[in-house]
Amino acid sequence: MNEGMYRLVMFVVAFLGIWEGIVALIFRLWTDKGPSVLTAANYLDAPWCYVVAAGTIVVAFILLAVLEQGRARAEA
């Protein structure tokens, strides 16, 4: 992959990590919105939705680190 593709994939991963993790937590904790396809973690019961949202954030950061290393190698 070239650098542009790495940056595009990194943007998509970051967006999904933020949306499925942080935004799902915000919707669950501070709003009365029901779960939707965009916040799939909120379909789970109380303790598990928080675990899945936090796991999504962690996985997104790990994928971003791996993609950043690949982008740096592709650039070199």
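Please refer to the structure placed before this passage.
Residues numbered from 1 in each chain as written. Predicted model: local features only at pLDDT ≥ 70, side-chain atom pairs only at ≥ 80, totals over all residues. Heavy atoms only, no water.

A. The arrangement of the overall build of the protein chain in detail. Helices and strands together make up the secondary structure of the protein chain, namely 2 helices and 0 strands. For a compact globule of 76 residues, the expected C-alpha radius of gyration is about 11 Å, and the protein chain comes in at 15 Å, more than 25% above that figure. Projecting the C-alpha coordinates of the protein chain onto the three principal axes gives extents of approximately 50 × 15 × 15 Å. Here the protein chain holds 76 residues, and 25% of them are scored as buried. (Helix = DSSP H or I, 4+ residues; strand = E, 2+ residues; numbered from the N terminus. Rg over C-alpha atoms; globule rule 2.2 N^0.38 Å. Buried < 20%, exposed > 50% of the residue type's maximum accessible area, 1.4 Å probe, protein only.)

B. Expanded view of the environment of Ala24. For Ala24, the location among the structural elements is in helix α1 (residues 3-30). Other than its neighbours up to four places away in sequence, Ala24 contacts Trp19, Thr39, Ala41 and Asn42. (Contact = heavy atoms within 4.5 Å.)

C. Structural detail: a nonpolar patch on the surface. A contiguous nonpolar patch, built from Met5, Leu8, Phe11, Val12, Phe15 and Leu16 and spanning about 590 Å² of accessible area, is present on the exposed surface. You can see Met5 is positioned in helix α1. (Patch = residues over 30% accessible without salt bridge, like charges linked within 9 Å, V, L, I, M, F, W, Y side chains within 5 Å. Areas by Shrake-Rupley, 256 points an atom, 1.4 Å probe, with all protein chains shown as cover. Salt bridge = Lys/Arg side-chain N within 4 Å of Asp/Glu carboxyl O.)

D. Fine view of the side chain of Thr39. Examined against the element boundaries, Thr39 turns out to sit in the loop between α1 and α2 (46-75). You can call Thr39 buried: its relative accessible area is 1%. Excluding residues within four positions of it along the chain, Thr39 makes contact with Trp19, Glu20, Ala24 and Phe27.

E. The packing of aromatic side chains, seen in detail. With the rule as written, the count across this model stands at 2 aromatic pairs. On the numbers, 6.2 Å between centres and 20° between planes, the contact of Phe15 with Trp19 is stacked. Remark: Trp19 and Phe15 occur in helix α1; sequence separation between them is 4 residues, near one turn of the helix. Look at Trp19 and Phe27: their rings are 6.1 Å apart centre to centre, the planes differ by 90°, and that puts the pair in the edge-to-face class. The ring of Phe27 carries the charged tip of Lys33 above its face, separated from the ring centre by 4.8 Å. (Phe/Tyr/Trp six-rings, centres within 6.5 Å; stacked < 30°, edge-to-face > 60°. Lys NZ or Arg CZ within 6 Å of the ring centre and 35° of its normal.)

F. Spatial organisation of the pattern of salt bridges. Under the defined criterion, the tally for this structure stands at 1 salt bridge. In this structure, the salt-bridge partner of Arg71 is Glu68, at a minimum N-O distance of 2.7 Å. Here Arg71 and its partner Glu68 are both found in helix α2, 3 residues apart, which amounts to about one turn of the helix. By relative accessible area, which is 10% here, Arg71 ends up buried.

Such coordinate-based values are descriptive only and should not be taken to indicate function.
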